[in-house]
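Commentary on secondary and tertiary structure
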Amino acid sequence: MNGLLKLSKLIDSLTERIGKSIIWLVLIVTLIGAGNAVMRYTFNYSSNAFLEIQWYMFSAIFLFGAGYTLMRNEHVRIDLIAGRLSKRAQTWIDIFGIIVFLMPMAIAVMVMSWPIFLLALQNNEQSSNAGGLVVWPVRLLVPIGFFLLVLQGISELIKRIGFLLGRCPDPTEKPRKPTPEEELALAIKAQKGEL
């Protein structure tokens, strides 16, 4: 189990780096969108390439961010029943969901999207829009994004089994950070020498 937990930490660190990196894509997409709007209304010029690169980056944000969201336990949950159960029961539900729903879906999408990417690459598929971009890079985002989700799914499965065996803390427990008010109060106490 220790080896699996080390693998889980390795996957988590990869997911963390990717998640923190794609945050910058949000800024880039925003700047491209603003630049495109300014050019359209100021110079009466617009480009399909600008629109499509936004779509490509937006796709990358969601596809590459799925594993990060799973790792941070920030995905949407409807806890009508599970919220009333014990942590162990919730963990069993998570294990069931990962094995029965998440992994088969993510693997199926990853496997089925690979030939679509290869065909687009082989044919050097271009956008049907005038002045549009080449399509194969965005087609590659799908299998890569779902591969990253599968990796994170494996990590989450390992952590949940480790939790049930008492070998690691609850992976769904979010670390509590002090609120800005609490941080300010601590800083004031430290300044006064009360800490």
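Below, the structure is looked at part by part. This structure is a prediction, so every number in the text was calculated from the model and none was measured.

Here we come to the packing of helix α2 (residues 48-71) against helix α4 (residues 136-164). For the pair α2 and α4, the least separation of the axes is 7 Å and the interaxial angle reads 5°. Classed by the angle they form, the pair α2 and α4 counts as roughly parallel. Between α2 and α4, the residues in contact are Y56, S59, A60, L63, F64, A66, G67, L70 and M71 and V138, L141, V142, I144, G145, F146, L148, L149, Q152, G153, E156 and K159, respectively. Of the residues contributing to the contact of α2 with α4, the split by class is 14 nonpolar, five polar and two charged.

Before going further, it helps to examine α4. Helical periodicity: at 3.6 residues per turn, an α-helix aligns residues three or four positions apart in one direction. Spanning 29 residues, α4 covers 43 Å between terminal C-alpha atoms, matching the ideal 42 Å at 1.5 Å per step. Positive phi shows up at G166, right after α4, with a value of about 75°.

Another aspect to go through is the packing of helix α1 (residues 2-43) against α4. Between α1 and α4, the shortest axis-to-axis distance is 9 Å and the interhelical angle comes to 140°. Classified by the angle between their axes, α1 and α4 sit oblique to one another. Crossing of α1 against α4: the hand is left-handed. Contacts between α1 and α4 involve L4, L5, L7, S8, I11, D12, L14, T15 and I18 on the former and, on the latter, L148, L151, Q152, I154, S155, E156, I158 and K159. Residues of the contact of α1 with α4, tallied by class, amount to 10 nonpolar, four polar and three charged.

We note that N44 has phi near 55°; this positive angle belongs to a residue other than glycine. Along the chain, N44 turns up in the loop between α1 and α2. Although it is not a glycine, N124 sits at a positive phi angle of roughly 50°. One can find N124 in the loop between α3 (87-122) and α4.

Below, the discussion takes up empty space enclosed by the protein. Using the criterion set out here, one finds one cavity of 30 Å³ or more in the structure. The computed volume of the largest cavity comes to approximately 30 Å³. As for the largest cavity, its lining consists of T15, I18, F64, G67, Y68 and L148. Of all the secondary-structure elements, those providing two or more residues to the lining of the largest cavity are α1 and α2. Here the lining of the largest cavity takes three residues from α2, the largest share from any one element. Looking at the lining of the largest cavity residue by residue, the class counts come to four nonpolar, two polar and no charged.

Let us look at a nonpolar patch on the surface. Judged by side-chain polarity, V76, I78, L80, I81, L85 and I93 come together as a nonpolar surface patch covering roughly 680 Å² of accessible area. Following the sequence through the fold, L80 ends up in the loop between α2 and α3.

Turning our attention to the packing of aromatic side chains. For the structure on display, the rule yields four aromatic pairs. Summarising the aromatic geometry, the rings of F58 and F62 are spaced 4.8 Å apart at their centres and angled 70° between planes, so their arrangement reads as edge-to-face. Within this pair, F58 and its partner F62 are both found in helix α2, separated by four residues, close to a single helical turn. Since its relative accessible area comes to 47%, F58 is described here as partly exposed. Judged by centre distance (5.0 Å) and plane angle (50°), the ring pair of W114 and F117 falls under tilted. You can see W114 and its partner F117 sitting in helix α3, three residues apart, about one turn around the helix. An aromatic cluster is built from W114, F117 and W136, whose rings are joined through pairwise contacts.

Rules used throughout
Residues numbered from 1 in each chain as written. Predicted model: local features only at pLDDT ≥ 70, side-chain atom pairs only at ≥ 80, totals over all residues. Heavy atoms only, no water. Axes fitted to C-alpha atoms, helices over the stretch in contact; angles between N-to-C directions. Helix = DSSP H or I, 4+ residues; strand = E, 2+ residues; numbered from the N terminus. Parallel < 35°, antiparallel > 145°, perpendicular 65-115°, else oblique. Contact = heavy atoms within 4.5 Å. Nonpolar A, V, L, I, M, F, W, Y, C, P; charged D, E, K, R; others polar. Expected span 1.5 Å × (residues − 1). Left-handed = near helix turned anticlockwise from the far one by under 90°. 1 Å grid on protein atoms, 1.4 Å probe; cavity = no way out; pocket = protein on both sides within 12 Å on 5 of 7 lines; lining within 4 Å. Points joined across faces, edges and corners; volume = space filled by probe spheres on them. Patch = residues over 30% accessible without salt bridge, like charges linked within 9 Å, V, L, I, M, F, W, Y side chains within 5 Å. Areas by Shrake-Rupley, 256 points an atom, 1.4 Å probe, with all protein chains shown as cover. Salt bridge = Lys/Arg side-chain N within 4 Å of Asp/Glu carboxyl O. Phe/Tyr/Trp six-rings, centres within 6.5 Å; stacked < 30°, edge-to-face > 60°. Buried < 20%, exposed > 50% of the residue type's maximum accessible area, 1.4 Å probe, protein only.

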